[in-house]
Amino acid sequence: MASETVDRPSEQLDEAGVWTTTEDGERVPDYDATFPTINEGEVVHGTVVRVDKDEVLVDIGYKSEGVIPVAELSIRRSVNPADEVSLGDEIDALVLTKEDAEGRLILSKKRARFELAWKAIERAAESGEPVDGKVIEVVKGGLILDLGVRGFLPASLVDIRRVQDLDEFLGQELRCKVIELNRSRNNVVLSRRAVLEDERKEMRQAILDRLNPGDVVDGQISNIVDFGAFVDLDGMDGLIHISELSWSHVNHPSEVLEIGQDVKVKVLDIDRERQRISLGLKQTQSDPWQQVLETYHEADEVEGKVTKVVTFGAFVEIMPGVEGLVHISELAQHHVENPREVVSQGDLVKARIIEVDAERRRLSLSLKRVEGGGVTEHADDAEAVEGTPNIGLSEEVFPEGASEPQADDVPEAEAEEAPEVPAAEPQNEAPAADEAPAADEAPAADEAPAEQVPTEEPAAEELDASIEADRASPEEQGPGDSEGAPPAPPD
């Protein structure tokens, strides 16, 4: 029995391969066979047995402890080993070198974590599942998360709305989706906004199911754009179009709203398929048009301020939120080419109501039908008159069909000041009736008539007559000769 007891372990040892035979045929224990087989690049599991300021020792069951330099502990920079591991911690490490120059086994905790984390990130990217990471750095344009690898979270994807101060996220655990992965560059791009939007889908659907057109709800202005403003309805944004902001004209939404302002809005329409809500702000305010219908009637005279001058007339605000149109034909008794000849933006005017269209919410006004004129006070910064000015000339200034002012039409004062014309100098003859200028060549009504200046050179026919007279009697002075000595006879 004793031999069997002794021999059995020997057989078991042989089978286990822990004995070996030397060249002399002697059987000795094979200690190397009792150690695990490890290769460089493999991930091994071990226990922390010592923590120093510049390295950590780990027992992985090998013939010597593994050494993790401080630079291989974490992806963070300048870490304290005591902050990363403690005595007795079980960790994974990647084998960098089985034996360095000093015969030590060199391990890396951060690279083992990198390999394990990268596989988890790849699985999350394929399945669309989010990953968790701690914000360890704030860099230009975003945040760096510790996922076992350095993940980059752009600032535009940190939240649903733009974040002004990224420092408030430092040290926080964030759940993000992997939107870009590149192993060759060890590049991981994350999006927390995608996770938040998925979480809010159920909330948005609940809001859509709860709201109906006509409901009045409370919200907060989340964003302002050129065409309107977005309102946060406790998890979902609705749009107030610029035309639904106020009963009066609004040039830009920022004139009446600001981001963060609490508002009460009315639900105008809900697109449940596209998950869009149209809201109105002016519907929660009193409608000034109802006051117009109750207060004013046709033929009433009202006072107002010119808010806008356009090519076809001018808009006049008769009360806050209510504007009426004065058509160009109703601006003045005379013909108006440009409305700015009569009114300017900011003028105070008195007008008469000529039409009230309740269905179309339109008001037609007239200035020329008000006794004493329409403009009561001009604006201090009135715009300069554009286009052809109205100089008040009627058709009676020039007789019909005449191309030039007649002598009888010249005022006496001007006639006295006109220079005398020497009798010896011939005057230009008036054009014949069939040579009169066409109607379109006649001077315009708003142009001052040109002053008639005597022409010093005689006409061609008069020159020919003068030459013939000189040839007949060169000593006699004739038309066209100077007032000095008679001309010399021709050769």
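Just so it is clear, the model here is predicted, and its values are computed rather than measured. (Residues numbered from 1 in each chain as written. Predicted model: local features only at pLDDT ≥ 70, side-chain atom pairs only at ≥ 80, totals over all residues. Heavy atoms only, no water.)

*Asks:* Help me understand the overall build of the protein chain in this model?
*Replies:* For the protein chain, the count of helices and strands is seven helices and 23 strands. The buried share among the 491 residues of the protein chain stands at 31%. Taking the contacts inside the protein chain whose residues are at least 6 apart along the sequence as the reference set, 58% of them involve residues at least 24 apart. With the model as given, the accessible surface of the protein chain reaches about 31800 Å², and the carbon-plus-sulfur share is 46%. (Helix = DSSP H or I, 4+ residues; strand = E, 2+ residues; numbered from the N terminus. Buried < 20%, exposed > 50% of the residue type's maximum accessible area, 1.4 Å probe, protein only. Contact = heavy atoms within 4.5 Å. Areas by Shrake-Rupley, 256 points an atom, 1.4 Å probe, with all protein chains shown as cover.)

*Asks:* Help me understand the nonpolar core in this model?
*Replies:* Nonpolar side chains in soluble globular proteins tend to end up buried together. In this structure, I318, V343 and L365 are the most contacted members of the largest nonpolar core, which totals 23 residues. The set of elements that each furnish at least two residues to this core consists of α5 (288-295), β18 (301-310), β19 (313-319), β20 (322-327), β21 (348-357) and β22 (362-366). Among the elements that make up this core, the one with the highest residue count is β19 (four residues). Ignoring sequence-local partners within four residues, the contact set of V343 consists of V306, V309, A314, L331, V349, L367 and V375. (Core = buried A, V, L, I, M, F, W, Y, C linked by side-chain atoms within 4.5 Å.)

*Asks:* Help me out: how do you make sense of the sheet that holds strand β17 (residues 276-280) in this one?
*Replies:* For sheets, the rule is that strands pair by backbone hydrogen bonds, running either parallel or antiparallel. Reading around the barrel, the five strands line up as β13-β14-β15-β17-β16 and close back on themselves, with mixed pairing between neighbours. Pairs of neighbouring strands in the sheet enclose a mean axial angle of 50°, with direction left out of account. Of the pairings in the sheet, the one linking strand β13 (residues 216-225) to strand β14 (residues 228-232) comprises five bridges and is antiparallel in character. Following the sheet pairing, Q220 is matched in β14 by D232. (Pairing = 2+ DSSP bridges. Axes fitted to C-alpha atoms, helices over the stretch in contact; angles between N-to-C directions.)

*Asks:* Is there a simple way to explain the pattern of salt bridges in this structure?
*Replies:* Close approach of charged atoms allows side chains with opposite charge to pair. In the structure shown here, the tally under the stated rule is 15 salt bridges. Here R352 ties to E301 by a salt bridge, and the two come within 2.9 Å at their closest N and O atoms. Placement of R352 in strand β21 and of E301 in strand β18 is noted, with a sequence separation of 51 residues between them. For E301, a relative accessible area of 43% puts it in the partly exposed group. By sharing partners, the salt bridges in this structure join E55, E102 and R104 into a single network. (Salt bridge = Lys/Arg side-chain N within 4 Å of Asp/Glu carboxyl O.)

*Asks:* Can you help me understand the packing of aromatic side chains in this one?
*Replies:* Two aromatic rings are characterised by how far apart their centres lie and by the angle between their planes. For the coordinates displayed, the defined rule picks out three aromatic pairs. A centroid spacing of 5.7 Å and a plane angle of 25° characterise the contact between F114 and W118, whose relative ring orientation is stacked. Here F114 and its partner W118 are both found in helix α3 (residues 109-127), four residues apart, which amounts to about one turn of the helix. Between the aromatic rings of F227 and F230, the centroid separation amounts to 6.4 Å while the plane-to-plane angle is 85°, which identifies the pairing as edge-to-face. (Phe/Tyr/Trp six-rings, centres within 6.5 Å; stacked < 30°, edge-to-face > 60°.)

*Asks:* I'm lost on α5 in this one. Help?
*Replies:* An α-helix turns once per 3.6 residues; consequently, residues spaced three or four apart project the same way. Every buried residue of α5 is accounted for by P288, W289 and V292. Down the axis of α5, the buried side of the element spans an arc of 105°, and every buried residue falls inside it. (Arc of directions from axis to C-beta.)

*Asks:* Explain α3 to me, please; I cannot follow it from the model alone.
*Replies:* Across its 19 residues, α3 extends 27 Å between first and last C-alpha, which sits within 8% of the 27 Å expected from 1.5 Å per residue. The complete set of buried residues in α3 reads K109, A112, F114, A117, W118, I121 and A124. With a side-chain oxygen lying 3.2 Å from the backbone nitrogen of R111, the N-terminal cap of α3 falls on S108. Following α3 by one or two positions, G128 has its phi on the positive side, about 85°. (Expected span 1.5 Å × (residues − 1). Polar contact = N/O pair within 3.5 Å; in protein donor to acceptor, adjacent residues only side chain to side chain.)

Honestly, that's just the spatial picture; any functional story needs more than this.
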